[in-house]
Number of protein chains: 2
Amino acid sequence: MQAAIDEANKGLDEGGIPIGSVIVHKGRIIGRGHNRRVQQGSAILHGEMDALENAGRQPASVYAEATLYTTLSPCAMCSGAILLYGIRQVVIGENRTFLGEEALLANRGVQLQVLNDHRCVTLMEQFISANPVLWNEDIGEEPQA
Amino acid sequence: MQAAIDEANKGLDEGGIPIGSVIVHKGRIIGRGHNRRVQQGSAILHGEMDALENAGRQPASVYAEATLYTTLSPCAMCSGAILLYGIRQVVIGENRTFLGEEALLANRGVQLQVLNDHRCVTLMEQFISANPVLWNEDIGEEPQA
């Protein structure tokens, strides 16, 4: 989780949304990433998607044995990607500032561990408070801030 | 749908997986794309994701009024992206060669129209038959071809 938090902080330093993710296979990080909506004008590069992309094309057997770490509860898009690739273990930094599709993932047999790590909560609380419109855009909500 | 099929054929000409997608808002195509797994070594650029990315950062109100056209039934990742952004209308070229998360989308109130267009079916039948291992990789399956 520390590596995912490092990615989130890297995103923050770049002026982006502070959400980070890493994918671990057999004790080794095979992909790391952070949200790049601001940096690359991207609608799809959430932290988890960026980590999946940076892990590159992997066989199904690798995803099946991998654990995805993310600083924030995964949204519908990232949860869908987890299901597509059959990732079975997801460790979530926190789900207090945003609750993603954890019920769907659990229902499909994905094992979830929610840490509610205060560092992850603080990162998002401060960011959302300072950038409510940008945050709502990232989760597909109207900018009613 | 013709524009989505054109995208699929463009992908095929590039040596890629022939799935295309366009996003239409108020009668105008605002994003178009095709699967780029082969071309860019991408794990996340399915046709629908590429179209979303090429549409750029849009406000929630645009997604809510948009229709996504895709030549093939959307997988879990692309369905998740549709749900994240609140796209309410999806037109699907075919779901015979691959059935994605249509039940989940319908359950969440997304209106689906499945054309089972013979051009889309033929594109995928020929591609899957010639490239079973690559196709399985794209949908997160073991290469048991």
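Predicted, not measured: the structure shown is a model, and the values here were computed from it.

Quick notes on the overall build of chain A
Point 1. Of the regular secondary structure elements, chain A holds 8 helices and 5 strands.
Point 2. Starting at the N terminus, the α and β elements of chain A follow one another as α-β-β-α-α-α-β-α-β-α-β-α-α.
Point 3. Rg of the C-alpha trace for chain A: 14 Å, near the compact-globule value of 15 Å for 145 residues, within the 12% margin.
Point 4. Dimensions of chain A, computed from the C-alpha atoms along their principal axes, are close to 40 × 30 × 25 Å.
Point 5. Within chain A, the fraction of its 145 residues that count as buried is 60%.
Point 6. Considering only intrachain contacts with a sequence separation of at least 6, the fraction spanning at least 24 residues in chain A is 51%.
Point 7. In the form shown here, chain A has an accessible surface area of approximately 5800 Å², with 45% of it arising from carbon and sulfur atoms.

Overview of the pairing of strand E4 (residues 89-92) of chain A
All names here are of chain A.
Point 1. Bridge analysis of strand E3 (residues 66-70) against E4 gives 4 bridges, and the strand direction is parallel. Each bridged residue has a counterpart across the sheet, and for Thr-70 the counterpart in E4 is Ile-92.
Point 2. Sheet analysis places E4 next to strand E5 (residues 111-114), joined by 4 bridges and oriented parallel. Bridging from a neighbouring strand, Gln-89 pairs with Gln-111 of E5.
Point 3. Traced from E4 through helix H6 (residues 102-107) to E5, the parallel crossover comes out right-handed.

Describing the interface of chain B and chain A
Point 1. The interface is formed by 35 residues belonging to chain B together with 35 residues belonging to chain A.
Point 2. Taking both sides of the interface into account, the surface hidden between chain B and chain A amounts to around 2800 Å²; carbon and sulfur atoms contribute 59%.
Point 3. Among the residues chain B hides against chain A, the three largest losses belong to Ile44(B), Arg57(B) and Leu84(B). Together they make up 25% of the total.
Point 4. Between chain B and chain A we count 4 salt bridges in total.
Point 5. Linking chain B to chain A there are 18 residue pairs in polar contact (both at pLDDT 80 or more).
Point 6. Looking at the side of chain B that touches chain A, the elements that each hand over two or more residues are helix H2 (37-40), helix H3 (47-55), helix H4 (60-64), helix H5 (76-85) and helix H8 (132-138) of chain B.
Point 7. Across the side of chain B that touches chain A, the residue classes tally to 18 nonpolar, 8 polar and 9 charged.

Observations regarding the pairing of strand E3 (residues 66-70) of chain B
When a strand is regular, its side chains alternate between the sheet's two faces.
Residue and element names in this part refer to chain B.
Point 1. Counting buried positions along E3 gives 4 out of 5 residues, so the element sits mostly inside the fold.
Point 2. Where strand E1 (residues 20-25) meets E3, 5 bridges bridge the pair, whose relative direction is antiparallel. Paired with Val-22 across the two strands is Tyr-69, which belongs to E3.
Point 3. At this point the chain moves from E3, through H5, to the parallel strand E4 (residues 89-92), and the crossover so formed is right-handed.

Notes on the packing of helix H1 (residues 2-13) of chain A against helix H7 (residues 118-130) of chain A
The packing of two helices is summarised by the inter-axis angle and the distance between the axes.
Residue and element names in this part refer to chain A.
Point 1. It is the contact of H1 with H7, at a shortest axis distance of 11 Å, that shows an interaxial angle of 20°. As far as their axial angle goes, H7 and H1 are roughly parallel. The handedness of the crossing between H1 and H7 comes out as left-handed. Each of Gln-2, Ile-5, Ala-8, Asn-9 and Leu-12 in H1 lies in contact with H7, whose residues at this interface are Arg-119, Cys-120, Leu-123 and Phe-127.
Point 2. Here the residues of the contact of H1 with H7 sort into 6 nonpolar, 2 polar and 1 charged.

Topic: the pattern of salt bridges
Point 1. Throughout the structure, instances matching the rule amount to 14 salt bridges over all chains.
Point 2. A salt bridge links Glu137(B) to Arg57(A); its shortest N-O distance comes to 2.7 Å. Within this pair, whereas Glu137(B) is found in helix H8, its partner Arg57(A) is found in the loop between helix H3 (47-55) and helix H4 (60-64), the two belonging to separate chains.
Point 3. Asp50(B) is the partner of Arg36(B) in a salt bridge, and the nearest nitrogen-oxygen pair spans 2.7 Å. Linking Arg36(B) in the loop between strand E2 (28-34) and H2 with Asp50(B) in helix H3, this pair joins segments that are 14 residues apart in sequence.
Point 4. Since its relative accessible area comes to 17%, Arg36(B) is described here as buried.
Point 5. Classification of Asp50(B) as buried rests on a relative accessible area of 4%.

Here's the deal with the relation of the copies chain B and chain A
Point 1. Note on the copies: chain B fits chain A at an RMSD of 0.0 Å, the axial shift is 0.0 Å, and the rotation between them is 180°. Such values leave the two copies arranged in the relation of a two-fold axis. Residue Gly80(B) of chain B places its C-alpha closer to the rotation axis than any other residue of that unit, at 2.4 Å.
Point 2. Interface overlap between copies is the fraction of interface residues in one copy that are interface residues in the other; for chain B against chain A it reaches 100%, indicating a shared surface.

Let's talk about the confidence of the model for chain A
Point 1. Mean pLDDT for chain A: 97, with 99% of residues reaching 70 or above.
Point 2. For this predicted complex, the interface confidence reaches an ipTM of 0.96, while the overall pTM sits at 0.97.

The rules behind the values
Residues numbered from 1 in each chain as written. Chains lettered and ligands numbered in written order. Predicted model: local features only at pLDDT ≥ 70, side-chain atom pairs only at ≥ 80, totals over all residues. Heavy atoms only, no water. Helix = DSSP H or I, 4+ residues; strand = E, 2+ residues; numbered from the N terminus. Rg over C-alpha atoms; globule rule 2.2 N^0.38 Å. Buried < 20%, exposed > 50% of the residue type's maximum accessible area, 1.4 Å probe, protein only. Contact = heavy atoms within 4.5 Å. Areas by Shrake-Rupley, 256 points an atom, 1.4 Å probe, with all protein chains shown as cover. Pairing = 2+ DSSP bridges. Right-handed = clockwise from strand over helix to strand, strands pointing away. Buried area = accessible area lost by both parts, 1.4 Å probe. Salt bridge = Lys/Arg side-chain N within 4 Å of Asp/Glu carboxyl O. Polar contact = N/O pair within 3.5 Å; in protein donor to acceptor, adjacent residues only side chain to side chain. Nonpolar A, V, L, I, M, F, W, Y, C, P; charged D, E, K, R; others polar. Axes fitted to C-alpha atoms, helices over the stretch in contact; angles between N-to-C directions. Parallel < 35°, antiparallel > 145°, perpendicular 65-115°, else oblique. Left-handed = near helix turned anticlockwise from the far one by under 90°. Least-squares fit on C-alpha atoms with pLDDT ≥ 70 in both. pLDDT = per-residue confidence, 0-100.

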